[in-house]
Structures are given as structure tokens and as C-alpha cells.
Amino acid sequence: MSGVASAKRRSNIVIHLILIAGAAIMVLPFLWMVLTSLKTTTEATQIPIRLFPAEPSLRGYKDALAQSPFLHYYANTLMSAFMKTLFPVIFSAMAAFAFARIRFPGSALCFFLIISVMMVPNPVFYTPQYMMMSKLGLVNTVTALWIASLVSPFATFLLRQFFLGISKELEEAAVLDGCNPFQIFRHIMLPLVKSALVAIVIIQLLWSWNDLQWPLIINSSPEKLTLSAGLATLVSMFGTDYPVLTAGAFMAVIPMLVLFFIFQRRFIEGVAFSASKG
């Protein structure tokens, strides 16, 4: 019996060592970014590599703020992330409920067309979206950052699968009590899919915060760029000031770090749920 317990203890130790090693590998790039932001340009590029700066300096942060309008980047990113999260959650939830619970002609075809969008790479849509924004006069505006992303096919698919798993007896009881479809959706179905909504909010928020290609395509003015696109402008073909670049990257990731530490349990539950249902 003691041999079994000892073997189990050794197994747990090995598992914990593997997890610690994996965590260290994931944390190392972030640590490298923070330490590089405190170095001089010479220290950041010298060989052999030096992990810790000899004399930590905030020069990288001062130059990043001086070279780029970071306050505009933050404002644009917050607005874009909020809109790209709010509207897809609302519209996708309503569409998913309709596909799961309401029978109408062509529903299967419509749902197939929505799912087929998930199979097409995003860059394919950039040209027609840009042409639409151009005709609407929205090129080089903050509105153009989010108005083309009001619906999420993935969110629609995920929520539909969850709605299908809810017992129909609840809906039938609500109908007997005099509820219309919108009341059933608002007061019965939505509270039951709270975990799915959290997962979608997390996925949409992270995706919109890190979106790079579309902001670079639709906007050219520095005051209209997002954080990810603004950081790309710090990279020069003639040479890159790595302390400035890493300082900007660290300032860009701070809001997500704060949100993660505040809603850590929700983040883990949402990501785990999306993985199990997706």
C-alpha cells in the first residue's frame, strides 16, 4: 500500500515539475519584454545576450509616449473592443435563439451560410469591406474599426448549440404562462447560457484587442489607429529601437492583465467552456 502511495506521490511531483516548466516557458517571453523595455538600445542588441539591464531606465517608455499618440491608441482600442464585443454578443444571441427554437423557411440554409463564413480566412473579406467603408465615407475613421464586425458566426454557432441543449419543457411552460418569444429569450434562455456568454465576451474582447490587419488597412492617420496597429508603426525598416517597442507592447498589454487578474476565474471558466462546446 505504501508503495502505491509512494508511486502516486512521485507521479504528482513529476506532473507538477512539468507544469512548472511549462509555466516558466510561457512567462519567459513576457519577462523578457519587461526587462528589455528597461534596457538601453545597446544592451537590448548586444551579444552575448544579457537578461537583466545593468542600469534600469524608463527611457523606452518616455520615447514610446513621445513618438506615438498612445492616449489616442488606447481610446480607439477601447471603443473598438467595446463595440466588437457588445454587438456580436447581442446579435449572435438573438440569431442563435432563432436558429435553435424558431422554425422558419430556409433556416437550415441560412445557418449553413453563416457557418460557411467560418471556413473563409478573414483577409478574404478585407477588400469588399474596404469598398463598403469607402462608399459610406468611413475610411480613416474610428467607426470603421468596428462597424464591419457586428455579428460573429462563431458566437452564433456556439450559442445555438447551447440553446439546443436546453429542455423544451421550460419553453413550453413559459408559453403556457403567456410569454412571447422575446420574453422567453430574455428571461429564460439568456440566464441559462451565462457561461457561454462569458466565453464569447472573452473571445471577442481578446480578438478585438489584438486585431492588427484591419486597423492598418482601413486607417492611416496615427490618431485613428489601435494599440496593435500603432505598435507596428514603431518597427522601422532601417532599425528598430527594441526598448521603445517593448515598452509600448507592455503598456498595450496592461489593461488585459488587469482584467485577467480581476476576472481570473471567469476567464478560465469561459475559455474552458468554449473549448468543451466548440
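Presented here is a report on the structure given in the accompanying data block. (Residues numbered from 1 in each chain as written. Predicted model: local features only at pLDDT ≥ 70, side-chain atom pairs only at ≥ 80, totals over all residues. Heavy atoms only, no water.)

### Some remarks on the nonpolar core
A general trend in soluble globular proteins is that nonpolar side chains are found buried together.
Then comes step 1: Core analysis: the biggest nonpolar cluster contains 21 residues, and F70 and L227 have the highest contact counts within it.
Then comes step 2: Secondary-structure elements contributing two or more residues to this core are α1 (2-37), α3 (59-67), α4 (70-101), α10 (194-210), α12 (227-232) and α13 (242-262).
Then comes step 3: When residues of this core are assigned to their parent elements, the largest contribution, seven residues, is made by α13.
Then comes step 4: Counting residues in hydrophobic clusters, the runner-up holds 20 residues, among them A93, F163, I184 and I200. (Core = buried A, V, L, I, M, F, W, Y, C linked by side-chain atoms within 4.5 Å. Buried < 20%, exposed > 50% of the residue type's maximum accessible area, 1.4 Å probe, protein only. Helix = DSSP H or I, 4+ residues; strand = E, 2+ residues; numbered from the N terminus.)

### Some points on the pattern of salt bridges
Then comes step 1: For the coordinates displayed, the defined rule picks out four salt bridges.
Then comes step 2: For the salt bridge of R59 with D63, the shortest nitrogen-to-oxygen distance reads 2.8 Å. Linking R59 with D63, this pair stays in helix α3, spanning four residues, or about one helical turn.
Then comes step 3: Salt bridges sharing common partners tie together R59, D63 and D241. (Salt bridge = Lys/Arg side-chain N within 4 Å of Asp/Glu carboxyl O.)

### Side note on helix α9 (residues 181-192)
Then comes step 1: With 12 residues, α9 extends 15 Å from end C-alpha to end C-alpha; this agrees with the ideal 16 Å at 1.5 Å per step.
Then comes step 2: Within the sequence span of α9, burial applies to I184, F185, M189 and L190. For α9, the angular spread of buried residues about the axis comes to 145°, placing them on one side.
Then comes step 3: Taken together, the buried residues of α9 touch α4, α7 (153-164), α8 (168-176) and α10.
Then comes step 4: Capping the start of α9 is the job of one residue whose side-chain oxygen sits 3.1 Å from the backbone nitrogen of F182: N180. (Expected span 1.5 Å × (residues − 1). Arc of directions from axis to C-beta. Contact = heavy atoms within 4.5 Å. Polar contact = N/O pair within 3.5 Å; in protein donor to acceptor, adjacent residues only side chain to side chain.)

### Quick notes on the packing of aromatic side chains
The geometry of an aromatic ring pair comes down to the distance between the two centres and the angle between the two planes.
Then comes step 1: Going through the model one piece at a time under the given rule, you end up with 13 aromatic pairs.
Then comes step 2: Relative to F163, the ring of F97 has its centre 5.9 Å away and its plane inclined at 80°; by these criteria the two rings are edge-to-face. With F97 in helix α4 and F163 in helix α7, this pair connects stretches of sequence that are 66 residues apart. Of the two residues examined, F97 and F163, each falls in the buried class.
Then comes step 3: Site record: aromatic cluster; members linked through ring pairs are F97, F163, F182 and F185.
Then comes step 4: Taking the ring centre of W207 as reference, the NZ or CZ of K84 above it sits at 4.8 Å. (Phe/Tyr/Trp six-rings, centres within 6.5 Å; stacked < 30°, edge-to-face > 60°. Lys NZ or Arg CZ within 6 Å of the ring centre and 35° of its normal.)

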